[in-house]
Amino acid sequence: MTGTRRHRAAGPLFVAPFLALFLLLFLAPLGYAAYLSLFQSRLIGGTVFVGLDNYTQALGDPQLLHGVGRVALFFAIQVPVMLLLALLFALALDSGLLRLARVIRLGIFVPYAVPSVVAALMWGYLYGPDFGPFAQLSRKLDLPAPHFLSDGWMLASLANIVTWEFVGYNMIILYAALRTIPQELYEAAAVDGAGAWRIAWSVKLPALRPALLLTLLFSVIGSFQLFNEPNLLMKIAPDVISSSYTANLYAYSLAFTGQQVNYAATVSFLLGLVIVIASYGVLLTANRGSRESRAGRDSLGRAA
């Protein structure tokens, strides 16, 4: 009996360090930010309680709305390309047909090990219209220099940097999921006459659904938190990237440049709400598609 009590008491002790860190590093700052968002600092009267006035102002703030819309467009363009590349690389590595597969896998993953600040600085140099290698090569060939940092190309340039950074990360997740698929499924499909493409489509892709959903959720969170890349490229393209280019950059500028801490906390809260809604929408859509496909398979089975 004493041993059982000790085992029961050990569980909370093991969980306590995580709960303490979760409370101190997540819930406490979140609660403090929620508290700050309910106040305003005024020249006359100091800090006063305003309730939800900051939220009302933020919902009509064109800079915030444009920043959220720009990031949503970035997500719609960049994430499908990134996940498609990651999926293709994972399937190619899992096929066993590539030579030096370990070297290739490491080469695809290495960009993720490069800090995003370093990656943005590196690509900023490559994009440079005056000093970048693309511009220099264009001048030697008597061609107009590419304007990667212009208003029309900036979002695509940022998408290229983020894709270069995170394709390897998502590829590793998908490749690890592929390695967990039982070999018996492949053997059964081969016995039924399925080729490599048919096995990839009918066996591997359905088994990858949870991993793809996980990478998609990570991409939703990461896209709406886009900060490092535009913040660094803003130094060499200030006419294109403003302090409100993304919602996260806008909140940072409000807090540390404009000293509007209360309004910055409000913007951060609304951005978090947008991320929660987008993530829930992705989960809801994925679960609905899974239920419909399962119902379709069941109906075909009953018909057979």
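Refer to the structure above for everything that follows.
Since the structure is predicted, the reported quantities are computational estimates derived from the model, not experimental observations. (Residues numbered from 1 in each chain as written. Predicted model: local features only at pLDDT ≥ 70, side-chain atom pairs only at ≥ 80, totals over all residues. Heavy atoms only, no water.)

**Examining the overall build of the chain**
Piece 1. For the chain, the count of helices and strands is 13 helices and two strands.
Piece 2. In terms of C-alpha radius of gyration, the chain reaches 25 Å, well past the compact-globule figure of 19 Å for 304 residues.
Piece 3. Overall, the chain is about 80 × 80 × 45 Å in size when its C-alpha atoms are taken along their principal axes.
Piece 4. Every one of the 304 residues in the chain was classed for burial, and the buried ones make up 34%.
Piece 5. Long-range contacts, defined as pairs at least 24 residues apart, comprise 66% of the intrachain contacts of the chain with a sequence gap of at least 6.
Piece 6. When the accessible surface of the chain is summed, it comes to about 18,700 Å², and 68% of that surface belongs to carbon and sulfur atoms.
Piece 7. Here the chain contributes 20 positively and 14 negatively charged side chains, and the mean placements of these two sets differ by 12 Å. (Helix = DSSP H or I, 4+ residues; strand = E, 2+ residues; numbered from the N terminus. Rg over C-alpha atoms; globule rule 2.2 N^0.38 Å. Buried < 20%, exposed > 50% of the residue type's maximum accessible area, 1.4 Å probe, protein only. Contact = heavy atoms within 4.5 Å. Areas by Shrake-Rupley, 256 points an atom, 1.4 Å probe, with all protein chains shown as cover. Lys, Arg positive; Asp, Glu negative; His and termini not counted. Charge placed at Lys NZ, Arg CZ, Asp CG, Glu CD.)

**A look at the environment of Asp239**
Piece 1. With respect to the helices and strands, the residue Asp239 is situated in the loop between helix 11 (228-233) and helix 12 (247-256).
Piece 2. Remark: the alpha-carbon pair of Asp239 and Leu149, spanning 90 residues in sequence, is separated by 9.7 Å.

**Observations concerning unusual backbone geometry**
Piece 1. Positive phi outside glycine occurs at Asp142, with the angle close to 55 degrees.
Piece 2. Looking at the secondary structure, you find Asp142 in the loop between helix 6 (133-140) and helix 7 (154-179).
Piece 3. With a phi angle near 55 degrees, Gln259 is a residue other than glycine that sits in the positive phi range.

**Some details on the nonpolar core**
Grouped burial of nonpolar side chains is what soluble globular proteins tend to show.
Piece 1. Grouped together as the largest cluster of nonpolar side chains are 44 residues, with contacts concentrated most on Leu64, Met171, Leu174, Leu208 and Val267.
Piece 2. At the level of elements, helix 2 (53-59), helix 3 (62-95), helix 7, helix 8 (183-191), helix 9 (196-207), helix 10 (209-224), helix 12 and helix 13 (261-303) are the ones that each hand at least two residues to this core.
Piece 3. With 11 residues, helix 3 is the largest single contributor of residues to this core.
Piece 4. The contacts of Met171, once residues within four sequence positions are left out, are Ala86, Phe89, Ala90, Leu93, Arg105, Ile108 and Phe109.
Piece 5. Leu149, Ile161, Leu226 and Met234 belong to the second largest nonpolar core, which has 19 residues in total. (Core = buried A, V, L, I, M, F, W, Y, C linked by side-chain atoms within 4.5 Å.)

**Focus on the packing of aromatic side chains**
Piece 1. As enumerated under the stated definition, the model contains 18 aromatic pairs in all.
Piece 2. When the centroid spacing of 6.5 Å and the interplanar angle of 85 degrees are considered together, the rings of Phe166 and Tyr169 count as edge-to-face. Residue Phe166 and its partner Tyr169 are both found in helix 7; the two are separated by three residues, about one turn of the helix.
Piece 3. Taking relative accessible area as the criterion, Phe166 reaches 30% and is therefore assigned partly exposed.
Piece 4. Using a relative accessible area of 24% as the deciding quantity, one classes Tyr169 as partly exposed.
Piece 5. Linked through ring pairs, Phe109, Tyr112, Phe166, Tyr169 and Phe218 together constitute an aromatic cluster.
Piece 6. Between Arg70 and the ring centre of Tyr245, over which it is positioned, the NZ or CZ distance is 4.5 Å. (Phe/Tyr/Trp six-rings, centres within 6.5 Å; stacked < 30°, edge-to-face > 60°. Lys NZ or Arg CZ within 6 Å of the ring centre and 35° of its normal.)

**Comments concerning the layout of surface pockets**
Piece 1. Here the largest pocket is characterised by a volume of approximately 490 Å³.
Piece 2. Along the wall of the largest pocket there are 15 residues; nearest its centre are Leu91, Ser95, Ala196, Trp197 and Ala200.
Piece 3. Elements supplying a minimum of two residues to the lining of the largest pocket: helix 3 and helix 9.
Piece 4. By residue class, the composition of the lining of the largest pocket is 12 nonpolar, one polar and two charged. (1 Å grid on protein atoms, 1.4 Å probe; cavity = no way out; pocket = protein on both sides within 12 Å on 5 of 7 lines; lining within 4 Å. Points joined across faces, edges and corners; volume = space filled by probe spheres on them. Nonpolar A, V, L, I, M, F, W, Y, C, P; charged D, E, K, R; others polar.)

**Points about the pattern of salt bridges**
Piece 1. Scanning the model with the defined rule gives two salt bridges in all.
Piece 2. The shortest N-O distance in the salt bridge between Arg179 and Asp94 comes to 3.1 Å. Of this pair, Arg179 sits in helix 7 while Asp94 sits in helix 3, placing them 85 residues apart in sequence.
Piece 3. For Arg179, a relative accessible area of 54% translates into the label exposed.
Piece 4. Salt-bridge contacts for Lys204 lead to Asp94; the nearest nitrogen and oxygen are separated by 2.9 Å. A residue pair is termed long-range when its members are at least 10 positions apart, and Lys204 in helix 9 and Asp94 in helix 3 qualify at 110 residues. Asp94 matches Lys204 in its accessibility class, with the two residues each being buried.
Piece 5. Overlapping salt bridges bring together Asp94, Arg179 and Lys204 as one network. (Salt bridge = Lys/Arg side-chain N within 4 Å of Asp/Glu carboxyl O.)

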